[in-house]
Number of protein chains: 2
Amino acid sequence: MSTVAVVGATGAVGMELLEVLHERKFPVDELRLLASSRSAGTVITAAGQDHEVRLATPDAFDGVDLALFSAGSGTARELAPAARKRGALVVDNSSAFRLEPDCPLVVPELNGDAIDGHAGIIANPNCSAILLTMAIAPLHASAGLKQLVVCTYQAVSGAGARAMDEWERQEQADAAGETPAAELFPAVIARNVIPWVQAIEADGYSTEETKLLLETRRILDLPDLALSATCVRVPVRRAHAQAIHASFERPIAPAAARTAFGGRPGVRVEENTLPTPRDVAGTDDVVVGRIREDRVFRPGLALWAVMDQLRKGAALNAVQIAERAMRIRAR
Amino acid sequence: MSTVAVVGATGAVGMELLEVLHERKFPVDELRLLASSRSAGTVITAAGQDHEVRLATPDAFDGVDLALFSAGSGTARELAPAARKRGALVVDNSSAFRLEPDCPLVVPELNGDAIDGHAGIIANPNCSAILLTMAIAPLHASAGLKQLVVCTYQAVSGAGARAMDEWERQEQADAAGETPAAELFPAVIARNVIPWVQAIEADGYSTEETKLLLETRRILDLPDLALSATCVRVPVRRAHAQAIHASFERPIAPAAARTAFGGRPGVRVEENTLPTPRDVAGTDDVVVGRIREDRVFRPGLALWAVMDQLRKGAALNAVQIAERAMRIRAR
């Protein structure tokens, strides 16, 4: 019997969390939807029941067993310790705790063991890091990963529900022959691509690119892994994609690489009907295709990987973490 | 005084060729628009004058001084020798002659000298190869290019005018809540990305990726260059973009890299307002940004480059070739 709080319940990931909890029959006696003052008072229907969204305050976590955070890192830093102090297990989807030594950074299929002995706050990785590690881990296990060059094709919903609304307004302006306006995004995303995600830091890399480096190192336990990324936003509703070029310690042929994915949960190879974001949207698996010998890295492979970033990249991974941490068998 | 034929005049590149000839005041006494039987008879307005499109036959090149081909490679193979036999200089935008030793493959700013002594047919490179070589040549000159990993974000108009129509129909179906249909493209391009351009060959690389390798080697005169690419179609009207990760023989810092672009015609660096396809569409320059130290290649650089693939990537480059080959000074 458990009381589950969802913080940031009205956002794109929050809504997906409610969906995944219901689909996976997560045992919930009381569902407490929390959000900032902007959204408090909203009524949300989850699993056929109406829930009024309450203001996320420290006391709102009284009696909560599991708190799923899908708010910003500021909210997480402020409220996750309060939830923890009241006895809740916290699974946080922000970047606030991802590099904290006491907080495991977990993709359950890859490093679920890290959950055992956690200090009460478990971090859900960045969506791009989940996609990359799920796609590369089977090959790493076979051939020993050395270096990665990764270019991303990231869906608009990764920037949240308001970004989706902005994109839709831009598409309508564009169709009417008007010049679309960009507010949340640094440039128009309608019928365009934007060559950075989040901010650009002093070293020229975007926040997303550095997250991808640091989180991939931590999840795969490869502290010296070299990884160079270009993260790009594309006008796609949901599902991130990545072009991955990888070098390995030992030779691995494309046929052996395909075999390496066999029996791995949550990831599969599709070479005949190559995976596009539209194909993968709304589904749970990471889908890999276009596995070929790399022409620069020897030994090396190039591949293409796609994942619904709201599901496995955020909500599903968080619920999988909670299931494992609370020793709940998914049904 | 010259008679100029444009073959494939009704296509996306053909229309752009007419525009560029007019803008650059290319000396044209007679403009002869040629096309397949599907388009023959169409009337096209260029520079305020109506022109009836004629059927492209060998005899249609009688008296032609310059034949600009923007048709498929089958048409080019069939008709370019006929045009040549009748004394026309041929600039061909297809892949038919790009790897023929007697036919120079030219980006005028980079290897314009190759035009001197040509055998009458000059090949216009693949648009992705033009973008890549224009963006990397200044850095190669400074530091000695060794290896390239390139991921592309290619506009729909690169697949031609009919592909643009298909995309628009898909967008309308999508907006109406219907499932869009893909005919020309192997998957829906509306609000999606497609992880290959043209066909996928036996080695797992797409035709476009192998063109990019072979043509880049030839244009830069680097026959052993290692280049691994993933070419991806994105829902953008015009302007291709590339994420480029490059290794060099000698160290080159980002600041020095920016300096290396100084004084280079046809390419410029924009770090403050980072270039997106929308910014660059309809303009002539290759625009480079996000120059940073690579995290895998040492010494190495990562950068982002954008170019209107119908202009510099096709029509403009072809007209520049013709200007140089016919010793016409652009006005």
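Below is a short write-up of the structure.

Cut-offs and rules
Residues numbered from 1 in each chain as written. Chains lettered and ligands numbered in written order. Predicted model: local features only at pLDDT ≥ 70, side-chain atom pairs only at ≥ 80, totals over all residues. Heavy atoms only, no water. Helix = DSSP H or I, 4+ residues; strand = E, 2+ residues; numbered from the N terminus. Polar contact = N/O pair within 3.5 Å; in protein donor to acceptor, adjacent residues only side chain to side chain. Least-squares fit on C-alpha atoms with pLDDT ≥ 70 in both. Contact = heavy atoms within 4.5 Å. Expected span 1.5 Å × (residues − 1). Buried < 20%, exposed > 50% of the residue type's maximum accessible area, 1.4 Å probe, protein only. Bend = angle between axes of the 7 residues up to and from the residue. 1 Å grid on protein atoms, 1.4 Å probe; cavity = no way out; pocket = protein on both sides within 12 Å on 5 of 7 lines; lining within 4 Å. Points joined across faces, edges and corners; volume = space filled by probe spheres on them. Nonpolar A, V, L, I, M, F, W, Y, C, P; charged D, E, K, R; others polar. Buried area = accessible area lost by both parts, 1.4 Å probe. Salt bridge = Lys/Arg side-chain N within 4 Å of Asp/Glu carboxyl O.

### Here's the deal with the side chain of Ser228 of chain A
Relative to the assigned elements, Ser228 of chain A resides in strand β10 (residues 226-230). In this structure the side chain of Ser228 of chain A is engaged in a polar contact, spanning 3.4 Å, whose partner is the backbone nitrogen of Arg295 of chain B.

### Examining the relation of the copies chain B and chain A
Relating one copy of the chain to the other requires a rotation about an axis plus a shift along that axis. Superposition of chain B onto chain A requires a rotation of 180 degrees combined with a translation of 0.0 Å along the rotation axis, giving an RMSD of 0.0 Å. Here the transformation between the copies is reduced to the relation of a two-fold axis. Interface overlap between copies: 100% of the residues of chain B at the interface are likewise at the interface in chain A, consistent with a symmetric, same-surface contact.

### Side note on helix α1 (residues 12-23) of chain A
All names here are of chain A. Given a rise of 1.5 Å per residue, 12 residues ought to cover 16 Å, and the 17 Å separating the end C-alpha atoms of α1 matches this to within 8%. Among the residues making up α1, those that are buried are Ala12, Val13, Gly14, Glu16, Leu17, Leu18, Val20 and Leu21. Taken together, the buried residues of α1 touch β1 (3-7), β2 (30-35), β3 (43-46), β6 (66-69), α5 (161-175) and α9 (311-325). Note on α1: the residue one or two positions beyond its end, Lys25, has a positive phi of about 50 degrees.

### What about helix α9 (residues 311-325) of chain B?
All names here are of chain B. Considering bend angle alone, the principal kink of α9 is centred on Asn317 and spans about 40 degrees. The element α9 is extensively covered by neighbouring structure, given that 13 of its 15 residues are classed as buried. Arg327, located one to two residues past α9, shows a positive phi value of around 55 degrees.

### Quick word on empty space enclosed by the protein
Rolled over the atoms, a probe sized like a water molecule indicates the empty space that remains. Residues and elements named next belong to chain A. Within this structure, the stated rule accounts for one cavity of 30 Å³ or more. Each pocket or cavity is described by its volume, and for the largest cavity that value is around 40 Å³. If you go around the largest cavity, the residues you meet are Val13, Leu17, Leu68, Phe69, Val91, Asp92, Asn93, Asn124, Ala314, Ala315 and Ala318. Listed by contribution, the elements that provide at least two residues to the lining of the largest cavity are α1, β6, β7 (89-92) and α9. For the lining of the largest cavity, the element with the most residues is α9, which contributes three residues. A breakdown of the residues in the lining of the largest cavity according to their chemical character gives eight nonpolar, two polar and one charged.

### Focus on the interface of chain B and chain A
Interface size is commonly expressed as the accessible surface area that is lost when the partners come together. Contact with chain B, which involves 54 residues of that partner, is made by 54 residues of chain A. Between chain B and chain A, the buried area comes to about 4600 Å², and carbon and sulfur atoms account for 56% of it. Of all residues in chain B, Arg191, Arg278 and Arg295 of chain B bury the most surface against chain A, accounting for 20% of the area lost on that side. At the surface where chain B touches chain A, the tally comes to 12 salt bridges. A salt bridge links Glu209 of chain B to Arg290 of chain A; the nearest nitrogen and oxygen atoms lie 2.7 Å apart. Where chain B meets chain A, there are 40 residue pairs in polar contact (both at pLDDT 80 or more). Among the elements of the structure, β9 (145-153), α5 (161-175), α6 (207-220), β10 (226-230), β11 (240-248), α8 (277-280), β13 (286-293) and β14 (300-307) of chain B are those that each provide at least two residues to the side of chain B that touches chain A. Sorting elements by how many residues they give to the side of chain B that touches chain A places β9 of chain B first, with six residues.

Taken by themselves, the reported measurements are silent on function.
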